[in-house]
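Commentary on secondary and tertiary structure
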Amino acid sequence: MKFSASTLLLSAQAAAAALNNGTNPSEVPYYGLSPPVYPAPVGNGTSDRSWAKAYKKAKALTAQFTLEEKMNVTNGFEGLCVGNTGAVPRFGIPSLCFADAPDGVRGQEFVSAFPAGLHLAATFNKDLMYKYGKALGEEYYGKGIHVALGPSAGPMGRVMRGGRNWEGLSPDPSLAAVAMGAITRGIQDSGVIATAKHWLLNEQEARRRPSVDESTPERRVTDEAISSNADDRTIHELYAFPFMNALKEGAGSVMCSYQRANHSYACQNSKLMNGILKTQLGFEGFVVSDWRGQRSGVASANAGLDVVMPDHGFWGEKLVEAVNNGSVSEERMTDMATRVLATWYYLEQENNFPETTYRSYSTVGDPVNVQADHSDLIREIGAAGTVLVKNVNKTLPLKDVKMVSVYGYDATVPQSPWQNPNRYGGGYEVNFGWNTFNGTLVTGGGSGISTPPYVVSPFHAISDRIAKNKGTIRWDFYSEAPGPHYVNTEACLVFINGYASESFDRVSLTDEFSDNLVINVASMCPNTIVTMHHTGARTVDAWIDHPNVTAVIYGGLPGQESGNSLADVLFGDVNPTGKLPFTIAKKEEDYGELLNSTNSKDFFPEANFTEGLYIDYRYFDKKNITPLYEFGFGLSYTTFGFSNLETAVKADVNMDEFPDPEIDIIQGGHPELWDVVATVKAHVENTGDVDGAEIAQLYIGVPGDDTPARQLRGFERVGPLVPGQNHRAVFELTRRDLSTWDVEAQQWRFRRGTYKVYVGSSSRKLPLEGTITIE
Ligand code: BGC
């Protein structure tokens, strides 16, 4: 499959004309435009041998299919699973079962609740990212689910108050990319098709879908969905970037998103599906619509949609009719069905795939138990994604404490509603219902939630520790101003959270009740330790400087082992390595235009991504705003020193400005994009007095004044190291890491010149500086 830029370049002229007319707020090529890219590329399995084999089998079958049979496999049917394709019994093709969520099989018994994506990202740990995907995949597999509806890198978290940021990974494209790749590989190594979602620019919940008047026979649209408008370079370097890694690792499915992208609905956007995904990135699998996200029949088919969910939508018999009257080519319809079957073969699901035992809650009988020993991994990831940001005079770890007090609704599992009617937290489905009252937050809300088999609350885990130490624990989960103070208490542990869900964006990153609670406890207790469970950034300006707030933890969304993971850190069994996967501002206003989603009353609302590449820490760097806690920051119980920076450019790879045009694109993009072109090495030394590991981070300053000052391009876990020990971190930089997207050439291109190299422990603590020169 070769990429041709001609269609796109023609459209660039149109874009320039539109911009000259002053119709767009940004002067960047393609901004707000979705140039047409037709016809849809036909999948052929040229990426590698496994795809080739899979395509051979799939093509042999679809050649014998009737139109109705092709329609059947590209079409959703409501049934057992969240989505189900139609079967072709004549050839033994089963109905494929699609199910959520990215952090655990949702709505089933005897499944595990893994930490959310955002929590996993905070581990900055590649090994755990892979193990997460692998274990998750095993649970899907065990339940006979063919297609897992995750991982998610959209939203990335452009909007700080976005409702689904926690389902995704991080607003940093490299961190999100590494995680997307590792999770995808993990899921698929377990035999389950991974779905990279939501493609693309799905950054807010407000008006993500059109409103439809169901009372009118034609289901009249009363307003359209938001249009996320972004320029071509931003699409490639920021939003599509993490998806590339999922594709590189073989992702079999991609879900197109609900909203409009550059004015065209994502599930009928030919530039995004035919152009970027299937041409530039050589996608061999199938594109599935988000649930009821299809907005047209012929247009979506020709723009590259392959499967519609959860029902036939605008297709079914209508698609057959469209093929019969020539509006959609039969080749296109064959390609849709072939892509589904090829992916099924690619994952070898034709061989003894477990029976689908996904089922409704009311089914009586023994459900298949797929939890295995995943609780150990969940506990480990829970602790590894726990981020310590304040620790005055070594408040933590708690050593040999005999008496603690525990405060706040987030410390315990959900209680009866009458005990506290205000819902500040409580993110998990109790008994599979929506009666979530103030419990500890282990997952967010909406289709992305996990369904814990049980939850170990912070209170539960801390009680266990205190009991073992023959101590005393006191608590108050409900009061905003608890009291009186237990004078022999050595530490007051306060638990608060910040809930968010699919379907709506957050109205604040804080809440008054929680802030008051912290201040009230701190006003009586000289050793107040605050833990937050959160679905994204949580600002803390109301109390962070209070002298009695001695330690602060960003506890993320840790899943079912929540309390155990936290206690492992609090009591020092685990020396924290977690790092913030986003920026914590001193105050909410500092996020500027990136704080809120766009809320407009227009029939055609617009969200203008005019900040381009500059989201999260890139925005803070550009605007020269000092954050409270920067991206990549997190404390350990020990300290680390960095030294001996070495950089080297490889001699044995193609270093031409553009990748070799003679080489074919494969899934994930041009193969040379993944060539290691340079290495960076640095020593990390444990300079403190306890054992610990550090996440060494590499940031790059790409030459030019149109690039972010620093971009994360590598992270390596070093250690555990004993005090005084040092170890070398080795970072490998690929061609893509050192390229920018050239809009004219429609290629990734090296910038000739000197790249700045920074190594350290966060995006702002970068003691080592050097350079790499690309001649
Ligand atoms: C969500 C998807 C999800 C699907 C199926 C949609 O509302 O946006 O992420 O996979 O529902 O539950």
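Remember, predicted model here, so these are calculated numbers, not experimental data. (Residues numbered from 1 in each chain as written. Predicted model: local features only at pLDDT ≥ 70, side-chain atom pairs only at ≥ 80, totals over all residues. Heavy atoms only, no water.)

A short note on the pattern of salt bridges
One pass over the full model with this rule turns up 43 salt bridges. Among the ionic pairs, R164 bridges to E167, the shortest N-O distance being 2.6 Å. Summarising the burial analysis for this pair, R164 and E167 share the class buried. Note that E694 is salt-bridged to K579, the shortest N-O span being 3.0 Å. With E694 in strand β22 (residues 692–701) and K579 in the loop between α16 (562–570) and β19 (606–608), this pair connects stretches of sequence that are 115 residues apart. For the residue pair E694 and K579, the accessibility class agrees, reading buried in each case. Three or more residues are tied together by salt bridges with common partners; here these are R164, E167, E205, R208 and E502. (Salt bridge = Lys/Arg side-chain N within 4 Å of Asp/Glu carboxyl O. Buried < 20%, exposed > 50% of the residue type's maximum accessible area, 1.4 Å probe, protein only. Helix = DSSP H or I, 4+ residues; strand = E, 2+ residues; numbered from the N terminus.)

Structural notes on the environment of T598
Position of T598 relative to the elements: it lies in the loop between α16 and β19. Using a relative accessible area of 24% as the deciding quantity, one classes T598 as partly exposed. Along the chain, T598 and V323 lie 275 residues apart, while their C-alpha atoms are 39 Å from each other. Here T598 is in contact with Q204, A206, I226, E606 and A607, once residues within four sequence places are set aside. (Contact = heavy atoms within 4.5 Å.)

Remarks on the UniProt feature "domain: Fibronectin type III-like" (unreviewed entry) in the protein
Here, the residues flagged by UniProt with the feature "domain: Fibronectin type III-like" (unreviewed entry) are residues 694–763. Here residues 694–763 runs as 0% helix and 63% strand, with 14 Å between its end C-alpha atoms. (UniProt positions renumbered as here; feature names shortened; annotations may be inferred.)

Considering the environment of D366
Among the structural elements, D366 can be located in the loop between α12 (330–346) and α13 (374–384). Residue D366 is classed as exposed on the basis of its relative accessible area, which comes to 72%. Remark: the alpha-carbon pair of D366 and P354, spanning 12 residues in sequence, is separated by 16 Å.

Re the environment of A678
Relative to the helices and strands, A678 resides in strand β21 (residues 676–686). Judged by relative accessible area, A678 falls into the buried class, the value being 0%. A C-alpha to C-alpha distance of 9.8 Å links A678 and T773, two positions 95 residues apart in sequence. Setting aside its immediate chain neighbours within four residues, A678 contacts A648, V649, K650, F731, E732, L733, L738 and I772.

Things to note about the packing of helix α11 (residues 317–324) against α12
Direction vectors running N to C along α11 and α12 enclose 140 degrees, while the axes themselves pass 9 Å from each other. By the angle between their directions, the pair α11 and α12 is classed as oblique. Contact residues: α11 offers L319, V320 and V323, while α12 offers E330, M333 and M336. Along the lines of polarity and charge, the residues of the contact of α11 with α12 split into five nonpolar, no polar and one charged. (Axes fitted to C-alpha atoms, helices over the stretch in contact; angles between N-to-C directions. Parallel < 35°, antiparallel > 145°, perpendicular 65-115°, else oblique. Nonpolar A, V, L, I, M, F, W, Y, C, P; charged D, E, K, R; others polar.)

So, the packing of aromatic side chains
This model, assessed by the stated rule, comprises 24 aromatic pairs. For the ring pair W51 and Y346, a centre distance of 3.8 Å and an interplane angle of 10 degrees mean the geometry is stacked. Linking W51 in helix α2 (residues 49–62) with Y346 in helix α12, this pair joins segments that are 295 residues apart in sequence. When sorted by exposure, W51 lands in the same class as Y346, which is buried. Between the aromatic rings of Y591 and F620, the centroid separation amounts to 5.6 Å while the plane-to-plane angle is 75 degrees, which identifies the pairing as edge-to-face. A residue pair is termed long-range when its members are at least 10 positions apart, and Y591 in the loop between α16 and β19 and F620 in helix α17 (residues 617–623) qualify at 29 residues. In this pair, the class of Y591 matches that of F620, namely buried. Each residue in the set F124, Y617, F631, Y699 and F715 is aromatic and connected to the rest through ring pairs, giving one cluster. For R474, the ring lying beneath its charged end belongs to Y486, and the centroid distance is 5.9 Å. (Phe/Tyr/Trp six-rings, centres within 6.5 Å; stacked < 30°, edge-to-face > 60°. Lys NZ or Arg CZ within 6 Å of the ring centre and 35° of its normal.)

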